[in-house]
Structures are given as C-alpha cells and as structure tokens.
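# Close look at the chain arrangement
For reference, the chains in residue letters:
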Amino acid sequence: MKLIKISSLAFIAILLSLPSVFAQSVSKPKTPMMGWSSWNNFRVNIDEKLIKEQADALIKSGLKNSGYNFINIDDGFFGGRNAKGELQYNKKRFPNGMKAIADYIHSKGLKAGIYTEAGITSCAAIWDQDTIGTNSGLYNHDEEDLTLFLKTWGYDFLKVDWCGAEKMNLNEQLRYTQIANWIKVIKPQVLYNICRWKFPGEWAPLIADSWRVSGDIANNFNSILHIINQNADLWRYCSPGHFNDMDILQVGRGMTFEEDKSHFSLWCMMNSPLLLGNDLRSISKQTLSIVTNKELIALNQDPFCYQARRLQDSLGIQLWAKPLASAESGEVAVAFLNTNSVATDATLHIDKIGIDTKQAYTIRDLWKHENITTSSNATSTFSVPAHGVVVLKISGKSLPFNVFERTDAKKAALK
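Now for a quick tour of the structure. Residue positions are counted from 1 within each chain, in the order its sequence is given. In keeping with the model being predicted, local features are shown solely for residues with a pLDDT of at least 70 and side-chain atom pairs are shown and tallied solely at 80 or more, while totals for entire chains, interfaces and linings include all residues. Side-chain calculation: all heavy atoms of the structure are included, whereas hydrogens and water are not.

### Observations regarding the overall build of the chain
What counts here: Segments assigned H or I by DSSP are reported as helices when at least four residues long, segments assigned E as strands when at least two residues long, and all are numbered from the N terminus. Using C-alpha atoms as the atom set, the radius of gyration is obtained and then compared with a globule rule of 2.2 Å times the number of residues to the power 0.38. Burial status follows relative accessibility: with a 1.4 Å probe on protein chains alone, a residue under 20% of its type maximum counts as buried, one over 50% as exposed, and anything between as partly exposed. Note on definitions: a residue-residue contact is assigned when non-hydrogen atoms from the two residues lie within 4.5 Å.
In terms of helices and strands, the chain carries 15 helices and 18 strands. Against the 2.2 N^0.38 benchmark of 22 Å for 415 residues, the chain shows a C-alpha radius of gyration of 23 Å, consistent with a compact globule. By principal-axis analysis of the C-alpha atoms, the chain measures approximately 75 × 60 × 40 Å. A buried classification covers 55% of the 415 residues belonging to the chain. Within the chain, contacts between residues at least 6 apart in sequence are counted, and of these 70% link residues at least 24 apart.

### Some points on the pairing of strand S15 (residues 361-365)
To keep things clear, this is the line we draw: Strand pairing follows a simple DSSP-based rule, namely that at least 2 bridges must link the two strands.
Alternating positions in S15 separate cleanly, Tyr361, Ile363 and Asp365 being buried on one face and Thr362 and Arg364 remaining unburied on the opposite face. Judged from the five bridges that link them, S15 and strand S16 (residues 370-375) form a sheet pairing that is antiparallel. Its bridge partner lying in S16, Asp365 is registered against Glu370. The antiparallel hairpin formed by S15 and S16 contains four residues in its connecting segment, where His369 sits at a positive phi of about 60°. In the sheet, S15 pairs with strand S18 (residues 389-395) via four bridges, with the strands oriented antiparallel. Across the sheet, residue Asp365 finds its bridge partner in S18, namely Leu392.

### A closer look at the state of the cysteines
Inclusion rule: Any two cysteine sulfur atoms lying within 2.5 Å of each other are counted as a disulfide.
A full pass over the atoms with the stated rule returns one disulfide. Each sulfur of the disulfide joining Cys123 and Cys163 lies 1.9 Å from the other. Between Cys123 and Cys163 the sulfur-sulfur dihedral comes to about 95°; the bridge is accordingly right-handed. One end of the pair, Cys123, is in helix H6 (residues 123-127); the other, Cys163, is in helix H8 (residues 163-167), with 40 residues separating them in the sequence. In this model Cys195 remains outside any disulfide bridge; the closest cysteine sulfur is found in Cys123, 6.7 Å from its own. Residue Cys305 stays outside any disulfide, its sulfur separated by 6.0 Å from that of Cys238, the closest cysteine.

### Let's talk about the pattern of salt bridges
Applicable threshold: Throughout this description, the term salt bridge denotes a Lys or Arg side-chain nitrogen within 4 Å of a carboxyl oxygen of Asp or Glu.
The full count for this structure, using the stated rule, is 18 salt bridges. Note that Asp103 and Lys99 form a salt bridge whose closest N and O atoms lie 2.8 Å from each other. Highlighted residues: Asp103 and Lys99, both in helix H5 (residues 98-107), separated by four residues, approximately one helical turn. What makes Lys99 partly exposed here is its relative accessible area of 39%.

### A look at H5
Filter applied, for reference: Throughout, the arc means that of the directions going from the helix axis to the C-beta atoms.
Regarding H5, the residues found buried are Met98, Ile101, Ala102 and Ile105. With its buried residues spanning 95° around the axis, H5 presents them on a single face. Close packing links the buried residues of H5 with helix H4 (48-60), strand S2 (70-72), strand S4 (87-89) and strand S5 (111-117). Directly beyond the C-terminal end of H5, a positive phi value near 80° is found at Gly109.

### Observations regarding the side chain of Asp142
Convention followed: What qualifies as a polar contact is a pair of N or O atoms within 3.5 Å, subject to a donor-acceptor requirement within protein and to the restriction that residues adjacent in sequence count only when both atoms come from side chains.
On the secondary structure map, Asp142 appears in helix H7 (residues 142-152). At a separation of 2.6 Å, a polar atom in the side chain of Asp142 contacts the side chain of Arg175. Beyond its immediate sequence surroundings of up to four residues, Asp142 is in contact with Arg175, Gln178, Ile179 and Trp182.

### Some remarks on empty space enclosed by the protein
We count it as follows: Think of a 1 Å grid over the protein atoms and nothing else: a 1.4 Å probe that fits but is trapped marks a cavity, an open set flanked by protein within 12 Å on at least five of seven lines marks a pocket, and residues with an atom within 4 Å of a point count as lining. Grid points are joined across faces, edges and corners, and a volume is the space filled by probe spheres set on the points. For this classification, Asp, Glu, Lys and Arg are treated as charged, while Ala, Val, Leu, Ile, Met, Phe, Trp, Tyr, Cys and Pro are nonpolar and the rest, including Gly, are polar.
Applying the stated rule across the entire model yields two cavities of 30 Å³ or more. The calculated volume of the largest cavity comes to roughly 130 Å³. Around the largest cavity sit 16 residues that line it, and Ser37, Phe157, Lys159, Ile248 and Leu275 are the ones nearest its centre. Residue assignment for the lining of the largest cavity shows that the elements contributing at least two residues are S5 and strand S6 (157-161). Forming the walls of the second largest cavity are 13 residues, and the residues nearest its centre are Ala327, Gly330, Val332, Ser398 and Asn402. Broken down by class, the residue content of the lining of the second largest cavity amounts to five nonpolar, six polar and two charged.

### Quick notes on the sheet that holds strand S1 (residues 34-37)
As a reminder, the rule being used: Only the stretch in contact is used when fitting a helix axis, every axis being a line fitted to C-alpha atoms; angles between N-to-C directions are given from 0 to 180 degrees.
Pairing in this open sheet of eight strands is parallel, and the strands run S9-S8-S7-S6-S5-S2-S1-S10 from one edge to the other. The open sheet terminates on both sides in strands that have one partner only, identified here as strand S9 (243-245) and strand S10 (274-276). Within this sheet the neighbouring strands show an average axis-to-axis angle of 25°, counted without direction. Seen against the sheet, H5 touches S2 and S5 and runs at an angle of roughly 145° to S5.

Take a look at the structure:
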C-alpha cells in the first residue's frame with residue numbers, strides 16, 4: 001500500500017474542513033446564556049478591579065441563583081501586539097493579566113467571556129479612540145489568538161465583532177466560518193457569538209451559538225421596539241443551542257419601570273441571551289425585581305426554545321405567543337406589548353393561540369404572579385400600560401393542527 005505524505009498545513013486544512021467531527025462529541029447548553037457584559041455601561045472604561053467587583057456583585061445580589069452565570073469582558077482590554085506579533089493586554093487596566101481575571105471569575109462558580117474582532121482593528125479602536133487596541137484583531141492570528149483566549153487564559157465565551165473586518169471588505173460567511181472551525185479544534189465547548197449588527201444569513205445557525213440581529217442597542221424605548229421588529233421574522237432560525245441575539249440588556253439604565261418590563265419580557269419571549277448591561281454594584285431593588293422574575297426567565301429557558309412570534313399588530317398593540325415544552329403541550333406564553341403612550345385594552349382570542357376553548361383553561365399573569373381566571377370563555381380582555389406589557393401563561397388543551405404545529409413543520413425543514 002502506498003503512503004501519501006502531506007504537510008502539517010495540509011493536515012490542518014483537512015481538520016478545518018471537517019468541523020462536524022468535533023461538534024458531535026461536545027455538549028453545549030441548549031438554552032440561551034445568561035450573565036453580565038461590560039459594554040453598555042462602561043464601554044472601554046474597564047479594568048481588573050471593576051470586573052472583579054461585578055462578579056462579586058452578581059453573587060451578592062442573588063443574580064447567580066436566578067441563572068446569571070457569565071461575566072463577559074467586552075472591548076477595552078487590548079494592548080496591541082509586540083514585535084513578534086503576539087497579542088498583548090492593557091497592563092495598566094489589567095496588571096495581573098487576563099488569565100487572572102478568568103481564574104477569579106471561575107473561583108466564584110461563574111463562567112468568563114471575552115471579546116475579539118474578525119478583522120485587524122477592534123471597534124473601540126475605531127469608534128472610542130482606544131488606539132492601543134489597533135492591530136489587535138484576529139486577522140492573520142487566528143490560531144495563536146484563539147489558543148491564547150480559550151486555552152491559555154481559559155475563557156468560556158467568545159464574542160467576535162466586525163468593525164475592522166468591515167473596513168477590510170472581508171467575506172462574512174468565510175471569515176466567521178474560519179473562526180468557528182478554529183474554535184472547534186482548540187476548545188469546542190466554547191460558546192461563540194457572531195456580532196455582525198444584522199442577521200448574518202442562514203449560514204450563521206450552522207456555525208455559531210448566537211448571532212446579533214441588529215445594530216447596537218440604545219437606552220430608549222424606540223431602540224427596543226426597533227430590535228424587536230428586526231427579530232420578528234427570524235423565529236425560524238432559533239432552535240435549542242442556537243439563538244437570535246437581540247443585544248445586551250438596557251434594563252436599569254434609565255427607561256421607565258414599564259418600559260424595562262417590556263424590554264425584559266420580549267427578550268425572554270424571543271429567546272435572546274439575557275446579558276445584563278447595568279452596573280451590578282448599584283443595582284436597584286426595582287431592577288432586581290424585573291431581571292430575577294423566575295416566571296419570565298422560565299420562558300427564556302424553556303427547553304423547547306420556540307422563539308415567540310408576532311401574531312397580531314393593530315392599533316399599537318402587538319400580540320406575541322410561543323408554545324412551551326412542545327407545539328401541542330397545551331401551554332402557551334402570551335405577551336401583549338403596548339407601543340402607545342397611553343394605556344390600551346387588548347383582547348385575547350384563546351383559540352388563535354392554539355388552545356381549545358371548549359375545554360377549561362387557566363390564565364396566569366407572570367408579572368402579578370397569580371392565576372387570574374379559570375375559564376372556558378373564548379376571549380379575555382386586559383389593560384396594558386403605556387409602553388407596557390402583559391405577559392400570560394395559558395394552560396389548557398391544545399387544538400390539533402394549531403398555528404404552532406403548522407409553522408413548526410416549516411421551521412424543521414430549514415434545519
């Protein structure tokens with residue numbers, strides 16, 4: 001038998017062309033990640049002390065007990081490259097290094113996330129004048145940088161931005177696939193996020209755990225509505241372990257109580273990752289009451305991972321619904337979102353969400369934490385606050401061939 005000799009580079013190329021070989025033996029979380037990220041509140045103004053304090057505050061506040069378990073360091077830690085081209089961290093901001101931070105986070109029973117760029121220059125170097133981050137992107141350094149982040153430093157989540165890559169006119173699918181394939185070789189259990197500021201395309205769910213569907217979130221209700229609208233028709237691409245990322249939460253950063261509840265509710269209903277973006281050291285009781293609502297979090301973490309769909313949008317009232325557990329379980333979560341600046345009544349037609357009105361059913365209000373009716377009536381009416389939300393869980397008997405079963409078949413065909 002004749003032996004064929006191949007170079008080490010060719011061998012690596014063969015490995016990278018077979019990502020499924022590595023993916024089959026790796027177990028990853030099937031529900032959206034939960035945690036905290038540094039960007040919204042601090043942008044590049046981060047350091048070792050601040051990150052440690054956020055980890056401490058996440059524990060002290062009880063957020064960990066509600067499922068929040070990631071501390072993610074975003075842009076702002078880079079220190080350029082040395083003469084050998086090796087990536088450096090900012091030694092003034094992180095004097096003990098990035099591995100020490102990951103070790104500290106892990107010592108708290110939490111997981112650690114970190115940020116990088118698909119091109120040469122990070123977003124903060126371009127937009128925040130953080131010039132020390134220039135030439136800190138992955139481009140031409142995939143293997144060594146990803147080994148550093150994931151193996152040497154020991155991070156569990158990787159967010160990959162696109163600012164420098166956009167300026168280089170790189171091909172999105174090719175570039176993000178290259179990075180995905182290296183992750184599968186180096187540390188396949190790492191969660192991988194594509195930060196492209198829009199839905200990347202049908203290829204994204206095949207290579208990533210989550211992907212951004214919009215530009216950066218702003219701290220106002222119009223931004224929240226814009227992102228919800230951007231994600232409305234992307235429910236087909238959400239499945240266990242693969243999620244449309246609606247960006248870091250702005251809850252507790254200046255919107256009204258009702259707006260914060262609406263924001264959090266739709267992120268839960270639509271299975272977005274839940275990453276807090278406020279300063280956890282000064283989190284208020286009101287904000288805690290929102291982001292630790294276990295009944296809302298349960299919708300986000302439901303193992304069926306069916307992203308809510310907008311079934312109605314009329315006169316400023318939107319109706320969103322999603323089945324829980326299965327399309328025929330008889331359990332459906334419903335959210336009425338009021339985009340009006342005044343309180344507005346909304347009527348729920350029970351049969352329109354796949355529940356048999358000839359049988360008794362229960363309606364539970366997930367913000368009031370109470371069962372509000374047990375009935376077999378065909379409709380129920382609710383007053384929805386201005387810019388507010390009413391979130392319900394309906395438990396009854398599923399109609400055969402209901403709206404979720406019909407569309408779930410179409411969704412399955414896309415996988």
